[in-house]
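Breakdown of the fold
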Amino acid sequence: MPDLNLIQKIAIWVIPVLLAVTLHEAAHGWVANRLGDPTARMLGRLTINPLKHVDPVGTILVPAVLLLFHSSFLFGWAKPVPISPRNFKSPRRDMAMVGAAGPLANLLMAILWSVVARIGLYLPASAAHISEPLILLGVAGIFVNILLMVFNLIPLPPLDGGRVASGLMPRDWARNYDRIEPYGLFIIFGLILLGQFGFNIFGLILWPPTAVLLTVLATVAGFHGNEFIAWLQMLI
């Protein structure tokens, strides 16, 4: 296994992270457009160009600060795709479908990255200069997409899981539930801060489903035993 310096690690993470964020947001806009709301398309947000989706605070500043303070949980967000529910035929159902689109896109990307890792694993040893970058990219892609998917499925507005949960609730319940949204980010930050004092609530919520999905995709990629974790540790 290669010994990576900081620049090499950053170079490996850049492509999977940017694709995970941009395609997640583009998926929201694509599904909204298919369901009758052209807002994202008209504003040029149905694109994989990261510059259209990067939020200076959520994508850059917040993760950088958390890394600086050695946070036990890394958190950030992209610029939300604009959605106009009034354009939908069934606003509550369609908003739930739009919300589910982002995490589904991350799952599909994680599967594709497992294929990339599998290709790297099955290349001959003489092609290490090709196989090792493919394996590292695949591992990073699997990890970041699964983590982003599971995190966004937490049923807390304004996360995607909150959109889905609201669409599945009775209308009166959903109306009260949606009132949480203005406070959702503050709740998330509060839980992250609790993690710094040993109350790692996010870890308890996120890690079990994340571990299961990582194990499944590591198997699909062709890793054996703790090989996936060993490659991941090289990138952290």
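Residues numbered from 1 in each chain as written. Predicted model: local features only at pLDDT ≥ 70, side-chain atom pairs only at ≥ 80, totals over all residues. Heavy atoms only, no water.

1. Some points on the overall build of the protein chain
Just so we agree on the cut-off: Labels follow the DSSP assignment, with helices taken as runs of H or I lasting at least four residues and strands as runs of E lasting at least two, numbered in each case from the N terminus. Atoms considered for the radius of gyration are the C-alpha atoms alone. The globule rule reads 2.2 Å times the number of residues to the power 0.38. Here's how the labels work: a residue is buried when its accessible area is under 20% of the maximum for its type, exposed when over 50%, partly exposed in between, all with a 1.4 Å probe on protein chains only. What makes two residues a contact is simply this: any of their non-hydrogen atoms within 4.5 Å.
Within the protein chain, the regular secondary structure consists of ten helices and zero strands. The order of α-helices and β-strands along the protein chain, N terminus first, is α-α-α-α-α-α-α-α-α-α. At 19 Å, the protein chain has a C-alpha radius of gyration in line with the 18 Å of a compact globule built from 236 residues. C-alpha atoms of the protein chain, sized along the principal axes, occupy 60 × 40 × 30 Å. In the protein chain, which comprises 236 residues, the share counted as buried stands at 41%. A separation threshold of at least 6 residues defines the contact pool for the protein chain, and within that pool the share at least 24 residues apart is 72%.

2. Some points on the pattern of salt bridges
Here is the rule: Note on definitions: salt bridges are taken to be side-chain nitrogens of Lys or Arg within 4 Å of carboxyl oxygens of Asp or Glu.
The full count for this structure, using the stated rule, is three salt bridges. Note that Asp94 and Arg93 form a salt bridge whose closest N and O atoms lie 2.7 Å from each other.

3. Some points on the packing of aromatic side chains
Pairs of aromatic rings are described using the distance from one ring centre to the other and the angle between the two planes. Selection criterion: Note on ring pairs: Phe, Tyr and Trp rings are taken, using the six-membered ring of Trp, and paired if centres are within 6.5 Å. Classes follow the plane angle, with under 30 degrees stacked, over 60 edge-to-face and the rest tilted.
Under the defined criterion, the tally for this structure stands at two aromatic pairs. With a centroid separation of 5.5 Å and 80° between ring planes, the pair formed by Phe223 and Phe228 is classed as edge-to-face. Look at Phe223 and you get buried, because its relative accessible area is 6%.

4. Structural notes on the environment of Gly225
Along the polypeptide, Gly225 turns up in the loop between α9 (201-221) and α10 (227-235). Measuring from C-alpha to C-alpha, the distance between Gly225 and Thr215 comes to 9.6 Å, with ten residues separating the pair along the chain.

5. Section: the environment of Gly120
By the element assignment, Gly120 lies in helix α4 (residues 91-122). By relative accessible area, Gly120 is classed as buried at 2%. C-alpha of Gly120 to C-alpha of Pro133: the two residues are 13 residues apart in sequence and 7.7 Å apart in space. The residues contacting Gly120, other than those within four sequence positions of it, are Ser131, Leu134 and Ile135.

6. Remarks on the packing of helix α5 (residues 128-152) against α10
For clarity, the cut-off: Orientation is described by lines fitted to C-alpha atoms, with helices fitted over the stretch in contact, and by angles between N-to-C directions that extend from 0 to 180 degrees. Any angle that falls under 35 degrees is termed roughly parallel, while one over 145 is termed roughly antiparallel, one within 65 to 115 roughly perpendicular, and all others oblique. Put simply, Ala, Val, Leu, Ile, Met, Phe, Trp, Tyr, Cys and Pro go in the nonpolar bin, Asp, Glu, Lys and Arg in the charged bin, and everything else, Gly too, in the polar bin.
The interhelical angle for the contact between α5 and α10, taken along N-to-C directions, is 90°, at an axis separation of 10 Å. Considering the angle they form, α5 stands roughly perpendicular to α10. Of α10, the residues touching α5 (which contributes Glu132, Ile135, Leu136, Val139, Ala140, Ile142 and Phe143) are Phe228, Trp231, Leu232, Met234 and Leu235. Of the residues in the contact of α5 with α10, the class split is eleven nonpolar, no polar and one charged.

7. Structural notes on the environment of Arg34
When you line up the elements, Arg34 lands in helix α1 (residues 6-34). Counting along the chain gives 54 residues from Arg34 to Phe88, while the straight-line C-alpha distance between them is 9.8 Å.

8. What to know about unusual backbone geometry
Between Pro157 and Pro158 the backbone carries a cis peptide bond, its omega angle lying at 10°. Locating Pro158 in the fold gives a position in the loop between α5 and α6 (160-168).

9. Description of the confidence of the model for the protein chain
The line we're drawing: One confidence number per residue, pLDDT, is output by the predictor and ranges from 0 to 100.
Taken over all residues, the pLDDT of the protein chain has a mean of 87, while the share at 70 or more is 92%. Of all the helices and strands in the protein chain, helix α3 (residues 56-68) carries the lowest mean pLDDT, 71, while α4 carries the highest, 96.

10. Topic: the side chain of His24
Counted only if it meets this: Distance and chemistry together define a polar contact, namely a pair of N or O atoms within 3.5 Å, with one atom able to donate a hydrogen and the other to accept it when in protein, and with adjacent residues in sequence counting only for side-chain atoms on both sides.
Positionally, His24 belongs in helix α1. Looking at His24, its side chain comes within polar contact range of the side chain of Asp160, at 2.9 Å. Residues within four places of His24 in sequence aside, it is in contact with Leu19, Gly102, Pro103, Ala105, Asn106, Met109, Leu148, Asn152 and Asp160.

11. Observations concerning α6
Spacing of three or four residues puts side chains on the same side of an α-helix, whose turn is 3.6 residues. Every buried residue of α6 is accounted for by Asp160, Gly161, Gly162, Ala165, Ser166 and Gly167. As for α6, its buried residues are in contact with α1, α4, α5 and α7 (171-177).

12. Some remarks on the side chain of Asp160
The line we're drawing: In this count, Lys and Arg are taken as positive residues and Asp and Glu as negative ones, while His and the chain termini are left out.
Counting through the fold element by element, Asp160 comes out in helix α6. One buried charge, Asp160, has no salt-bridge partner; the nearest side chain with opposite charge is Arg163, at 5.7 Å. A distance of 3.3 Å separates the side chain of Asp160 from the side chain of His28, its partner in a polar contact. Each residue touching Asp160, except ones within four places of it in the same chain, is listed here: His24, His28, Gly99, Gly102, Pro103 and Asn152.

13. Topic: α4
Counted only if it meets this: Residue count minus one, scaled by 1.5 Å, sets the expected span of a helix. We define the bend at any residue as the angle between the axes fitted to the seven residues before and including it, ending there, and the seven starting there.
Helix length check: α4, at 32 residues, gives a terminal C-alpha distance of 47 Å against a target of 46 Å (1.5 Å per residue), a fit within 8%. The sharpest bend along α4 comes to roughly 30°, located at Ala101, with the proline Pro103 sitting one to four residues further on.

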